[in-house]
Amino acid sequence: TPTPNGDQINDVLQIDYTLLRLPEPVSVALKIYALNGRAVVDLPPQVRPSGRQTFLCDGRDETGHLLLPGIYLIAVATASQAGRAANLVRINIAY
């Protein structure tokens, strides 16, 4: 559970995932959604190869404000010539 309150403890959310058996690097986009479906964080897509990957998020929304404590959904989506895929994971943010 990240606690992005500026105390230097758990202030950064580290999102680890693995891309398996890709024939070529793919574009990966990461978004964090509030439970009402509103995207609160939209990190720019990055081209990534197969293997273990990490995204870092500072717990701030698109306007630079800290995310409110609560439950959010992280969507990790890939896009390649073969098609698109997405995975949702629940996270909790607390102070």
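Further up the page is the structure itself.
Reading the values: the criteria
- Residues numbered from 1 in each chain as written.
- Predicted model: local features only at pLDDT ≥ 70, side-chain atom pairs only at ≥ 80, totals over all residues.
- Heavy atoms only, no water.
- Pairing = 2+ DSSP bridges.
- Helix = DSSP H or I, 4+ residues; strand = E, 2+ residues; numbered from the N terminus.
- Axes fitted to C-alpha atoms, helices over the stretch in contact; angles between N-to-C directions.
- 1 Å grid on protein atoms, 1.4 Å probe; cavity = no way out; pocket = protein on both sides within 12 Å on 5 of 7 lines; lining within 4 Å.
- Points joined across faces, edges and corners; volume = space filled by probe spheres on them.
- Nonpolar A, V, L, I, M, F, W, Y, C, P; charged D, E, K, R; others polar.
- Phe/Tyr/Trp six-rings, centres within 6.5 Å; stacked < 30°, edge-to-face > 60°.
- Buried < 20%, exposed > 50% of the residue type's maximum accessible area, 1.4 Å probe, protein only.
- Lys NZ or Arg CZ within 6 Å of the ring centre and 35° of its normal.
- Core = buried A, V, L, I, M, F, W, Y, C linked by side-chain atoms within 4.5 Å.
- Contact = heavy atoms within 4.5 Å.
- Salt bridge = Lys/Arg side-chain N within 4 Å of Asp/Glu carboxyl O.

Student: I would appreciate a short explanation of the sheet that holds strand β3 (residues 39-48) in the present structure.
Tutor: Sheet strands pair by backbone hydrogen bonding; their relative direction is either parallel or antiparallel. Ordered by their spatial adjacency, four strands build an open sheet running β3-β2-β5-β6, and the pairing between neighbours is antiparallel. Both edges of this open sheet fall to β3 and β6 (83-93), since each of them pairs with a single strand only. On average, each strand axis in the sheet is inclined to that of its neighbour by 15°, with strand direction left out of account. Sheet analysis places strand β2 (residues 26-34) next to strand β5 (residues 70-80), joined by eight bridges and oriented antiparallel. If you follow Lys31 over to β5, its bridge partner there is Ala75.

Student: How should I be thinking about the layout of surface pockets in this particular structure?
Tutor: Within this model, the largest pocket holds a volume of roughly 450 Å³. As for the largest pocket, its lining consists of 27 residues, of which Tyr17, Thr18, Leu19, Val76 and Thr78 are closest to the centre. Residue assignment for the lining of the largest pocket shows that the elements contributing at least two residues are β1 (13-19), β5 and β6. Sort the elements by how many residues they give to the lining of the largest pocket and β6 lands first, with eight residues. Of the residues that constitute the lining of the largest pocket, the class distribution is 16 nonpolar, seven polar and four charged.

Student: Is there a simple way to explain the packing of aromatic side chains in this structure?
Tutor: Aromatic ring pairs: the centre-centre distance and the angle between the two ring planes describe each pair. Using the criterion set out here, one finds one aromatic pair in the structure. Summarising the aromatic geometry, the rings of Tyr17 and Phe55 are spaced 6.0 Å apart at their centres and angled 25° between planes, so their arrangement reads as stacked. Here Tyr17 is found in strand β1, whereas its partner Phe55 is found in strand β4 (residues 51-57), with 38 residues between them in sequence. An identical accessibility class is assigned to Tyr17 and Phe55; each is buried. The cationic tip of Arg48 hangs over the ring face of Phe55; the distance from NZ or CZ to the ring centre is 5.1 Å.

Student: How do you make sense of the nonpolar core when you look at a structure like this?
Tutor: Across soluble globular proteins, nonpolar side chains have a tendency to be buried as a group. The biggest cluster of nonpolar side chains holds 20 residues, and the ones touching the most others in it are Leu30, Ile32, Tyr72 and Ile74. Counting only elements with at least two residues in this core, the list comes to β1, β2, β3, β4, β5 and β6. Sequence-distant contacts of Ile74, that is, excluding residues within four places in its chain, are made with Leu13, Ile15, Leu30, Lys31, Ile32, Asn87, Leu88, Val89 and Ile91.

Student: Is there a simple way to think about the pattern of salt bridges in this case?
Tutor: For side chains bearing opposite charge, pairing can occur when the charged atoms are close. Overall, the coordinates contain two salt bridges when judged by the stated rule. Of the charged contacts in the structure, one is a salt bridge between Arg52 and Asp16, with a shortest N-O distance of 3.4 Å. One end of the pair, Arg52, is in strand β4; the other, Asp16, is in strand β1, and 36 residues separate them in sequence. Overall, Arg52 belongs to the exposed group, its relative accessible area being 61%. Overall, the relative accessible area of 34% leaves Asp16 in the partly exposed class.

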